[in-house]
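# What the coordinates show
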Amino acid sequence: MQISLQFETTQNWFPIEFRKVIMSLIKNSIKDESISLYDKYYGNTSKKNFTFSFYSKNPKLCNEKFEIEDNSINVSISTSDSIFGYLLMNVLNHKLYKPYPLGNDNYLILKNIRQHKDKIIKTNEIICKTTSPICVCEHKKGDNKSTRFYSIDSSQFIESIKEKYFVEFIPIDCKKTIVRHQKMKFETTRGTFKLKGTPYTLQKLYLDGLGSRTGEGFGKFDIIE
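Presented here is an overview of the structure given in this document.

Reading guide: rules and limits
- Residues numbered from 1 in each chain as written.
- Predicted model: local features only at pLDDT ≥ 70, side-chain atom pairs only at ≥ 80, totals over all residues.
- Heavy atoms only, no water.
- Helix = DSSP H or I, 4+ residues; strand = E, 2+ residues; numbered from the N terminus.
- Polar contact = N/O pair within 3.5 Å; in protein donor to acceptor, adjacent residues only side chain to side chain.
- Contact = heavy atoms within 4.5 Å.
- Pairing = 2+ DSSP bridges.
- Axes fitted to C-alpha atoms, helices over the stretch in contact; angles between N-to-C directions.
- Phe/Tyr/Trp six-rings, centres within 6.5 Å; stacked < 30°, edge-to-face > 60°.
- Buried < 20%, exposed > 50% of the residue type's maximum accessible area, 1.4 Å probe, protein only.
- Lys NZ or Arg CZ within 6 Å of the ring centre and 35° of its normal.

### Quick word on the side chain of Q203
With respect to the secondary-structure elements, Q203 resides in helix α5 (residues 199-208). Side-chain polar atoms of Q203 contact the backbone nitrogen of I121, separated by 2.7 Å. Those residues within four positions of Q203 in sequence are excluded, and the remaining contacts are K119, I120 and I121.

Dropping the structure here:
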């Protein structure tokens with residue numbers, strides 16, 4: 001299930017921790033609707049079956065924020081869980097045109113919600129392009145200090161994807177990108193690549209995202225061939 005959200009900001013900037021803002025909006029919208037549903041989807045630390053990407057025209061990083069040209073922001077969400085997808089559309093519909101605070105008298109306003117038809121994968125390989133960076137990390141349970149992040153520059157990146165997601169990752173034009181998220185800086189991967197696997201596995205990765213922290217806005221990709 002593919003959902004697109006169109007936002008406007010009341011000022012021409014957006015926080016550098018933009019993934020955190022979108023996560024907060026989703027979580028608070030579900031919590032406002034139902035505590036039991038919030039507990040179902042966010043009452044544990046398991047990997048979330050959805051991902052999202054963020055787009056704004058020509059953003060410029062300046063003084064811990066992104067300056068944007070036309071106060072317009074687009075967020076694309078995808079999930080293999082249609083129940084969660086329809087829940088998300090329902091709770092976000094209740095937030096239409098309601099200002100969501102970003103701080104310093106700036107507000108995020110949801111203007112439009114649309115559902116798009118999924119692409120159906122029938123082959124054993126696809127060529128893809130990231131729309132949000134791929135995060136691959138490993139850590140010992142209960143010990144966040146031991147977390148290690150791997151990008152395309154590390155051989156462990158491809159090995160980890162094969163081991164965890166049962167697909168073969170073949171880079172075409174990929175590069176390491178450093179991102180800032182949750183008060184951390186870590187390496188991720190952007191670019192075009194080929195994935196080989198069963199159609200079922202490829203379909204699930206296409207909808208839910210590839211890699212770690214997908215529910216935090218990582219691992220979303222488009223199929224370009």
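### Remarks on the environment of D32
Its place among the elements puts D32 in helix α1 (residues 18-33). With 59 residues separating them in the primary sequence, D32 and V91 have C-alpha atoms 8.2 Å apart.

### Brief notes about the sheet that holds strand β4 (residues 60-62)
Note on sheets: strands pair through backbone hydrogen bonds, and any given pair is parallel or antiparallel. Reading across the sheet, the three strands line up as β2-β5-β4 and stay open at both edges, with antiparallel pairing between neighbours. The open sheet has two edge strands, β2 (13-15) and β4, and neither has a second partner. Put simply, the sheet's adjacent strands are angled 35° from each other on average, direction ignored. Sheet topology note: the β4/strand β5 (residues 65-67) ladder contains three bridges and is antiparallel. Bridge pairing links C62 to K65 in β5.

### A closer look at the packing of aromatic side chains
Evaluated as defined, the whole model comprises 12 aromatic pairs. Geometrically, the ring pair formed by Y206 and F221 is tilted, given 6.3 Å between the ring centres and 50° between the ring planes. Taken as a pair, Y206 in helix α5 and F221 in strand β14 (residues 221-223) lie far apart in primary sequence, 15 residues in all. Accessibility expressed as a relative area gives 6% for Y206, which makes it buried. Judged by relative accessible area, which is 1%, F221 ranks as buried. Through successive ring pairs, a cluster of aromatic residues spans F157, F169, F193, Y206 and F221. The ring of F218 has R19 sitting right over it, with the charged end atom 4.4 Å from the ring centre.

### Notes on the environment of M1
With respect to the helices, strands and loops of the structure, M1 is situated in the segment before β1 (2-9). Separated by 118 residues in the primary sequence, M1 and K119 have C-alpha atoms spaced 9.3 Å apart. In contact with M1, other than residues within four places in its own chain, are I77, S78, T79, S82, G85, Y86, M89, Q115, D118 and L207.

### Points about the pairing of strand β3 (residues 50-55)
For β3, a buried count of five out of six residues is recorded, marking the element as mostly surrounded by other parts of the structure. Two strands pair when backbone bridges link them, and β3 and strand β6 (residues 72-79) are joined in this way by six bridges, in the antiparallel orientation. Its bridge partner being in β6, T51 is matched across the sheet by S78.

### A closer look at the sheet that holds strand β7 (residues 100-103)
Strand order in the open sheet formed by five strands is β3-β6-β1-β8-β7, and the pairing between neighbours is antiparallel. Edge positions in the sheet fall to β3 and β7, since each has one partner strand and no second. The average undirected angle you get between the axes of adjacent strands in this sheet is 30°. Pairing geometry for β7 and strand β8 (residues 106-116), over three bridges, is antiparallel. Counted as the bridge partner of G103 is N106 from β8. Packed on one face of the sheet, α5 meets β1, β3 and β6 and runs near 150° to β6.

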